[in-house]
Amino acid sequence: MKRTLSLLLALCLCLSCFSMILTAGAATSGDFSYTVAGDEVTITRYNGSNTTVSIPAQIEGKAVTAIGEEAFIGKGVVSVTLPEGVRSIGNYAFDQCRKLTDIHLPSSLQSIGNLAFNLCLVLPEITLPKNVSTLGMYLFTACDKLTGIYAEDGSAYYKSVDGVLYSADGKTLAAYPTGRAGAYSIADGVETIRTTAFAYSPVTAVSFPASIRSIQNSAFQSCKQLTEITLPEGVASIGSSAFSACGALAKATLPKTLDSIGAAAFSGTAAGFTIYGYTGAYAEKYAKDNQLSFVSVGDAKAPAERVEELIDAIGKVTSTSAQEDVRAARAAYDALESDTIRSLVHNYHLLLVAEKSLRVLENGGTIPEYRICDVNNDGSVTVSDVVALRS
């Protein structure tokens, strides 16, 4: 009786699993497993052993519109053609296709997921169709032979400059080919290095243009041949893990303009890794907080001290003749290169007082001398007047 009950339970479980599979719409056609949603088919797995594969445009009379996650993972394919109508390639779709040398992407393609071509060891180049607008992270990790990433003419999203992928407006470096060794100079006008753009590439040196403002998360992760970097003034942020696991990176020269460095940005760098920067700037604080060696290349306080002198020179604003001095101090303050350096201007509140007094005078009002700094009109000058200025 117990044996019969066990068999019945097992049969029920099998029927339940079979029912779930049918509900999910899983099916097989030739060498492909697929699912159906409405009138659209997603290829979920290539089950064949052919080295040259052409994915059908239709299955069951329904259009193939997506290559699902891990669909070709680990397969020994050499050449793959995707049909027109495919709009997306999922995460890991061609991961570990170590023999893949040629892939034809259709003009209908719009998005490519994370690690889609990871470990495609012999893929020499790839061209993105003009409608591709979304790219995942770590797209071409460990593609050791990849020397060119190209964008189809007419793309509104990307362009290629000598095989390196940029946004169409030239403001973002999107992807660097991970098979290209040696030094590289980033194009002028680039403001952002995209997440994982250089990750796992054999680049040995990088020159940054003056236009650079942001280096995003993991942008240079595991660039194991990179030995030093110098970021220009104007860079404001470095993302998390931006230079992590760069085992040969021994020196980073960072600008006064830097206000933010993400977690583990320089973890796993060379023994004795040293940050070169300005005393009083954010780079010095970051180095100390993270127990990294720091060498000063100058004093960030000097510009702030000059602004303090200009503010002190204003004195009490009793007439509109102070207008020129007030505006000069304001211009000098605004020109400081980062919020960190602006915080070193300890008499900034006096500039705010002077500006408010000047506005009163310019509007025809008068300011009794004892009330020049009495912002809250309580008859005395205290810390509460500074608070009132900020309200």
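Residues numbered from 1 in each chain as written. Predicted model: local features only at pLDDT ≥ 70, side-chain atom pairs only at ≥ 80, totals over all residues. Heavy atoms only, no water.

Caption draft 1: Representation of the pattern of salt bridges within the structure. What the rule picks out here adds up to 11 salt bridges. Between Asp-39 and Lys-62 there is a salt bridge whose closest N-O contact spans 3.7 Å. Of this pair, Asp-39 sits in the loop between β2 (32-37) and β3 (40-46) while Lys-62 sits in strand β6 (residues 62-67), and the two are 23 residues apart along the sequence. Judged by relative accessible area, which is 60%, Asp-39 ranks as exposed. (Salt bridge = Lys/Arg side-chain N within 4 Å of Asp/Glu carboxyl O. Helix = DSSP H or I, 4+ residues; strand = E, 2+ residues; numbered from the N terminus. Buried < 20%, exposed > 50% of the residue type's maximum accessible area, 1.4 Å probe, protein only.)

Caption draft 2: Layout of the sheet that holds strand β21 (residues 228-230). Spatially, the four strands line up as an open sheet ordered β21-β23-β25-β26, and their pairing is parallel. In the strand order of this sheet, the two ends are held by β21 and β26 (293-299), each with one partner. Taking the axes of each pair of neighbouring strands and ignoring which way they run, one obtains an average angle of 20 degrees across the sheet. Strand contacts of helix α2 (residues 282-289): β25 (274-279) and β26, with the helix running at about 135 degrees to β25, the strand carrying the most contacts. (Pairing = 2+ DSSP bridges. Axes fitted to C-alpha atoms, helices over the stretch in contact; angles between N-to-C directions. Contact = heavy atoms within 4.5 Å.)

Caption draft 3: View of helix α3 (residues 301-314). Taking 1.5 Å as the rise per residue, α3 with 14 residues should run 20 Å; its terminal C-alpha atoms sit 21 Å apart, in good agreement. Turning to α3, its buried residues number three or more, namely Ala-304, Val-307, Glu-308, Ile-311 and Ile-314. Down the axis of α3, the smallest arc covering the buried residues is 105 degrees, so these residues share one side. With respect to the buried face of α3, the exposed residues turned more than 90 degrees away are Asp-312 and Ala-313. The inward-facing, buried residues of α3 contact α4 (323-334), α5 (339-342) and α6 (348-362). (Expected span 1.5 Å × (residues − 1). Arc of directions from axis to C-beta.)

Caption draft 4: Region of interest: the environment of Ser-211. With respect to the secondary-structure elements, Ser-211 resides in the loop between β19 (203-207) and β20 (214-215). When the C-alpha positions of Ser-211 and Glu-191 are compared, they lie 5.4 Å apart, and in sequence the two are 20 residues distant. Residues in contact with Ser-211, not counting those within four places in the same chain, are Asp-188, Gly-189, Val-190 and Glu-191. There is a polar contact of 2.7 Å between the side chain of Ser-211 and the backbone oxygen of Val-190. (Polar contact = N/O pair within 3.5 Å; in protein donor to acceptor, adjacent residues only side chain to side chain.)

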